[in-house]
Each structure stands twice: as structure tokens, then as C-alpha cells.
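# Coordinates in review
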Amino acid sequence: MFASLSAEGPPLKTWLSGAAASIDNLVDRSPDGKIEIVGGCFRYLHDSNWKMFIENLNDAMHPMVVHQSSSGTAKRVFQDLHKETDAVPFELEMLAPFTNDYGFFEKMGLTAWKYGHSVTGGKISIHSAYSPIPGYAEMMVAAYGEERVKQIFAVNRHNTVVYPSFTLKGAITSVRVVKPIAVNKTVIESWVFRQVGAPEELFTRSITYCNLINSHANLVGPDDWEAYHRVQAGLSAQDAGEWISMHRYKGQDHALPDGTTESAGTSDMVFRHEYDTWKNYMLHNGVFP
Ligand SMILES: [Fe+2]
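Throughout what follows, the structure given in this document is the object of discussion.

What counts and how
Residues numbered from 1 in each chain as written. Predicted model: local features only at pLDDT ≥ 70, side-chain atom pairs only at ≥ 80, totals over all residues. Helix = DSSP H or I, 4+ residues; strand = E, 2+ residues; numbered from the N terminus. Rg over C-alpha atoms; globule rule 2.2 N^0.38 Å. Buried ≥ 20, exposed ≤ 12 C-beta atoms within 10 Å, placed from the backbone. Axes fitted to C-alpha atoms, helices over the stretch in contact; angles between N-to-C directions. Parallel < 35°, antiparallel > 145°, perpendicular 65-115°, else oblique. Left-handed = near helix turned anticlockwise from the far one by under 90°. Contact = placed C-beta atoms within 7 Å. Nonpolar A, V, L, I, M, F, W, Y, C, P; charged D, E, K, R; others polar. Core = buried A, V, L, I, M, F, W, Y, C linked by C-beta atoms within 7 Å. Pairing = 2+ DSSP bridges. Arc of directions from axis to C-beta.

What follows is about the overall build of the protein chain. Per the secondary structure count, the protein chain includes 12 helices and 10 strands. Its C-alpha radius of gyration of 19 Å places the protein chain within 12% of the 19 Å reference for a compact globule of 289 residues. With respect to the principal axes defined by its C-alpha atoms, the protein chain has extents near 55 × 45 × 40 Å. When the 289 residues of the protein chain are sorted by exposure, 36% land in the buried category.

Shown next as C-alpha cells:
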């Protein structure tokens with residue numbers, strides 16, 4: 001449900017721009033074209049400004065370093081304890097790509113749209129190598145036809161940021177809502193959807209992903225949490241530096257005529273774009289030039 005407190009401003013679809021396709025894809029992945037919220041939500045308190053979380057989601061420079069302690073450990077433990085012939089559990093399929101190399105994250109690509117929204121991935125993402133769920137593709141083909149299903153599954157977006165208030169994942173059918181409560185306190189709510197008509201295993205996978213990666217007792221998020229609160233403390237220090245570098249790939253972004261900007265996956269483009277948007281909201285009351 002969307003609401004605006006302004007009597008003016010663009011219609012919702014214009015405001016969402018390219019981010020709307022992520023919402024459509026989340027719904028399209030249901031053979032019935034419907035999703036439903038199931039259960040409650042995970043609430044996870046972060047000791048940092050809300051911007052830390054939003055900026056982190058489409059930052060592809062940090063995962064292979066910061067997530068060595070979770071994803072890297074899971075991979076090493078599996079290699080040590082299991083034989084070649086053992087099947088990879090789907091928990092590991094989810095954890096392993098967080099420590100993919102720079103080449104992978106670079107190739108994933110970054111796209112930003114007007115009003116601060118952005119996405120990592122598109123053709124590939126950390127979700128694109130999951131094992132297929134038995135019967136799911138057949139159900140989708142029966143509902144939409146082969147060609148359309150190819151188009152639906154070809155969308156491999158990682159995180160979509162709908163700036164500044166929520167983020168979503170189509171493949172994992174979850175939405176995270178960002179609730180700032182103080183200058184150094186932010187609650188992140190994670191909601192999981194069920195794709196109506198799809199095998200229950202798809203929903204189980206989404207719940208498992210949120211348990212492993214988004215919940216308040218997850219394995220991966222504490223790596224980020226540690227970074228957020230240290231950056232927050234660093235920036236609050238009396239002798240903190242006056243400048244923050246957001247220059248990576250500056251001048252190499254690819255601006256398209258429709259206002260979309262594309263960049264290599266590890267570019268700082270989205271941060272520059274988000275701060276431009278923030279400046280517009282603060283100085284021009286959201287009227288964008
Ligand atoms: Fe992370």
C-alpha cells in the first residue's frame with residue numbers, strides 16, 4: 001500500500017520508474033499472479049542511521065570481504081565435512097554467493113532511476129544459481145506459456161531499493177521496510193510473501209533465506225551490523241574526517257536518455273545518485289529538475 005502526503009508530485013508509477021518492474025516480477029512469479037503476506041515479520045534493530053542500510057544493499061564492494069565470517073565459513077565447513085558426492089544443501093546455495101569474487105559482482109551491474117531508486121543485478125544475481133524447485137517451472141508454463149515464463153525467470157535482480165523507505169527481492173519474495181527511529185537507531189522489518197499457487201517449497205525457501213540472512217538471529221546481517229555501527233561511531237567522532245569518498249567509477253556511469261543510469265557492479269554510482277536525490281528532496285521539496 002502506497003501513500004503520499006503531498007497534494008502534488010508524480011503519479012506512483014512515474015515515481016517508481018524502473019523499480020516497478022521488480023514489484024511486477026515478484027507477483028509474476030506466482031502461477032496465479034497473486035501474492036499474500038504470511039505470518040508476522042522479523043524486526044531487527046540497527047545501531048545506525050537508516051542510510052547505512054539503504055546504501056549497503058547496492059554496495060557490491062563489501063560482500064566478499066565483510067561476509068567471509070558467515071558465507072566464507074559456511075563454504076569452508078562444507079568442504080571440510082562433506083564428500084564430493086554430497087548434495088549441496090539449499091542453505092549453502094544461499095550463503096555461498098555472498099563471497100563470490102569481484103568479477104561476479106562487477107558483472108552483476110548497477111542501475112539507478114530517477115527519485116533515488118536502484119537495483120543490483122538484472123541478468124545475473126546472487127540468487128540466479130539456485131537449484132530448481134520440482135514442479136514449479138511446469139506450473140508456471142501451464143499458467144503463462146513458455147515464452148512468457150522465460151521472460152519472467154530471465155529477471156534476476158538482486159536488491160531493489162525503493163528510495164528511501166523499502167527494498168525488495170523478487171526471487172526471495174521478501175520486502176524490507178526501513179524505519180528510522182533516531183539518528184543512530186533504525187528498525188528493519190522483513191516481510192515474506194507466498195506466491196499463491198506455487199509449490200510450498202518456494203515459500204519454505206523464502207522463509208529459510210530470511211531466517212539465514214534477514215532475521216534478528218541471522219548469520220549474515222551481523223557482519224553488516226558491525227560495519228554500520230562502526231561507521232556511525234566513526235562519523236560521530238569529534239575528529240572525524242570532513243569528507244567521505246564516493247568516487248569509485250565517477251565519470252564512467254552510462255546515462256540513458258530516459259533518466260536511467262547504468263554502471264559497473266562495484267561503482268559508487270548509487271550513493272552519488274541517492275545523495276543527489278536527498279539534496280533535491282531537501283532543497284526543492286521533491287520537485288526534481
Ligand atoms: Fe552485506
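Before going further, it helps to examine unusual backbone geometry. Residues tyrosine 163 and proline 164 are joined by a peptide bond in cis, for which omega reads 0°. If you trace the backbone, proline 164 turns up in the loop between β5 (156-162) and β6 (166-169). Unusually for a residue other than glycine, tyrosine 115 sits at a positive phi of about 70°. Given 22 C-beta atoms within 10 Å, tyrosine 115 falls into the buried group.

To continue, consider the packing of helix α3 (residues 50-57) against helix α11 (residues 221-236). The N-to-C vectors of α3 and α11 enclose an angle of 130°; their axes lie 10 Å apart at closest approach. Taken together, the axes of α3 and α11 lie oblique to each other. Both α3 and α11 take part in a crossing whose hand is right-handed. In this structure, α3 contributes Met52, Phe53 and Asn56 to the contact, and α11 contributes Asp224, Tyr228, Val231 and Gln232. Split into classes, the residues belonging to the contact of α3 with α11 amount to four nonpolar, two polar and one charged.

Next up on the list: the environment of valine 175. For valine 175, the location among the structural elements is in strand β7 (residues 174-182). Judged by local crowding, valine 175 falls into the buried class, with 20 C-beta atoms found within 10 Å. Residues valine 175 and leucine 57, 118 residues apart in the sequence, show an inter-C-alpha distance of 13 Å. When residues no more than four places from it in sequence are discounted, the contact partners of valine 175 are Phe166, Leu168 and Trp191.

This next bit is on the nonpolar core. Counting residues in hydrophobic clusters, the biggest one holds 41 residues, and the most contacted among them are Phe53, Ile54, Tyr209, Leu212 and Ile213. Considering every element that reaches this core, the biggest residue donor is α3, with five residues. The residues touching isoleucine 54, leaving out its near neighbours within four places in the chain, are Val161, Tyr163, Pro164 and Val178.

With that settled, the discussion passes to the pairing of β5. Burial analysis of β5 places six of its seven residues in the buried class, which makes it a mostly covered element. Inspection of the sheet shows strand β4 (residues 118-122) paired to β5 by four bridges, in the antiparallel sense. Residue serine 118 lies in a different strand from β5, and its bridge partner there is valine 161. Note: β5 against β6, three bridges, orientation antiparallel. Pairing of threonine 160 across the sheet is with leucine 168, part of β6.

Let's shift gears to the pairing of β4. With four of five residues buried, β4 lies mostly within the body of the structure. Inspection of the sheet shows strand β3 (residues 110-112) paired to β4 by three bridges, in the antiparallel sense. Bridging from a neighbouring strand, leucine 110 pairs with threonine 120 of β4. The turn linking β3 back onto β4 is made up of five residues, and tyrosine 115 within it adopts a positive phi angle of 70°.

In this section: the packing of helix α8 (residues 136-144) against helix α9 (residues 146-154). Axis separation between α8 and α9 bottoms out at 7 Å; the angle between their running directions is 125°. With respect to α9, the element α8 is oriented oblique. In this structure, α8 crosses over α9, and the sense of that crossing is right-handed. Residue-level contacts link Ala137, Met140, Val141 and Tyr144 of α8 to Glu146, Arg148, Val149 and Ile152 of α9. Here the contact of α8 with α9 is composed, by residue class, of six nonpolar, no polar and two charged.

The next thing to look at is helix α2 (residues 20-28). Taken together, the buried positions of α2 are Ser22, Asn25, Leu26 and Asp28. Considered in projection along α2, the buried side chains sweep an arc of 165° and stay on one side of the axis. For α2, the elements touching its buried residues are β1 (35-37), β4, α9, β5, β6 and β8 (185-195).

Here the focus is the environment of valine 196. Mapped onto the elements, valine 196 comes out in the loop between β8 and α10 (200-214). When the 14 C-beta atoms within 10 Å are taken as the criterion, valine 196 is described as partly exposed. Residues valine 196 and lysine 34, 162 residues apart in the sequence, show an inter-C-alpha distance of 5.5 Å. Sequence-distant contacts of valine 196, that is, excluding residues within four places in its chain, are made with Ser30, Asp32, Lys34, Ile35 and Glu36.

So, to be careful, I would describe these as geometric facts and stop short of saying anything about function.
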